[in-house]
Amino acid sequence: MSAPLFLEDKVTIKVAYTFPDAAGVEKPYHFTLTVDRLDTEELKLVHDSGDLVFVDFFVKHASAWSGLKEGGANVEFSEANLRQLFKQPGIPLLTWQRYCEAIPAKGAAAKN
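Note that the structure is a prediction, hence the values are computed from the model and not measured. (Residues numbered from 1 in each chain as written. Predicted model: local features only at pLDDT ≥ 70, side-chain atom pairs only at ≥ 80, totals over all residues. Heavy atoms only, no water.)

Caption draft 1: Up close: the layout of surface pockets. Roughly 320 Å³ of internal volume is contained in the largest pocket. If you go around the largest pocket, you meet 14 residues; those closest to its centre are Leu68, Lys69, Glu70, Leu85 and Gln88. Put simply, the parts of the chain that give the lining of the largest pocket at least two residues each are β1 (10-20), β2 (26-36), β4 (69-70) and α3 (79-85). The element that contributes the greatest number of residues to the lining of the largest pocket is α3, accounting for three residues. Here the second largest pocket is characterised by a volume of approximately 250 Å³. Lining the second largest pocket are 10 residues, with Leu38, Asp39, Thr40, Ile103 and Pro104 positioned closest to its centre. By residue class, the composition of the lining of the second largest pocket is seven nonpolar, one polar and two charged. (1 Å grid on protein atoms, 1.4 Å probe; cavity = no way out; pocket = protein on both sides within 12 Å on 5 of 7 lines; lining within 4 Å. Points joined across faces, edges and corners; volume = space filled by probe spheres on them. Helix = DSSP H or I, 4+ residues; strand = E, 2+ residues; numbered from the N terminus. Nonpolar A, V, L, I, M, F, W, Y, C, P; charged D, E, K, R; others polar.)

Caption draft 2: Up close: the side chain of Asp36. Checked against the element boundaries, Asp36 lands in strand β2. Polar side-chain contacts of Asp36 include one of 2.5 Å to the side chain of Lys10. Ignoring anything within four residues of it in the chain, the contact list for Asp36 reads Asp9, Lys10, Lys60, His61 and Tyr99. (Polar contact = N/O pair within 3.5 Å; in protein donor to acceptor, adjacent residues only side chain to side chain. Contact = heavy atoms within 4.5 Å.)

Caption draft 3: Just the sheet that holds β2, in detail. Judged by pairing direction, the sheet is antiparallel, and its three strands sit side by side in the order β1-β2-β3 without closing on themselves. Bordering the open sheet on either side are β1 and β3 (62-66), each of which pairs with just one other strand. Ignoring strand direction, the axes of neighbouring strands in this sheet form an average angle of 25 degrees. Pairing between β1 and β2: 11 bridges, direction antiparallel. Bridged to Lys10 within β2 is Asp36. Contacts from helix α2 (residues 54-61) reach β2 and β3 within the one sheet, and its direction differs from that of β2 by about 55 degrees. Packed on one face of the sheet, helix α4 (residues 91-102) meets β1 and β2 and runs near 140 degrees to β1. (Pairing = 2+ DSSP bridges. Axes fitted to C-alpha atoms, helices over the stretch in contact; angles between N-to-C directions.)

Caption draft 4: Quick look at helix α1 (residues 40-49). Counting buried residues in α1 gives one out of 10 residues, a small share hidden from the surface. Its side-chain oxygen placed 3.1 Å from the backbone nitrogen of Glu41, Asp39 serves as the N-cap of α1. Looking one or two places after α1, you find Gly50, whose phi comes out positive at around 75 degrees. (Buried < 20%, exposed > 50% of the residue type's maximum accessible area, 1.4 Å probe, protein only.)

This is a description of form; function is not addressed.
So, in structure tokens, the structure goes:
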């Protein structure tokens, strides 16, 4: 496939994790988050600012999600709900890691 000069400006990431319930049993969860795909210069500005707060980054750059439910109903994407989700220990860092894994180019295996 030919390489594009311009990439889509959004990327959807999947965040999968577990949390133990009251009995200590690990329960699996996952959601997807649609985020602006920053280019190299924009990422450098975020990195060089030295004050990256994950929730603030995603409040600014995320625009939709799926897979989040409360009481069986889908949870609407909003700044308040994103901030609530990011209060769960480990979720902000894990989401950032999945974002950083999703946006760069990756090497492809050569075909014989």
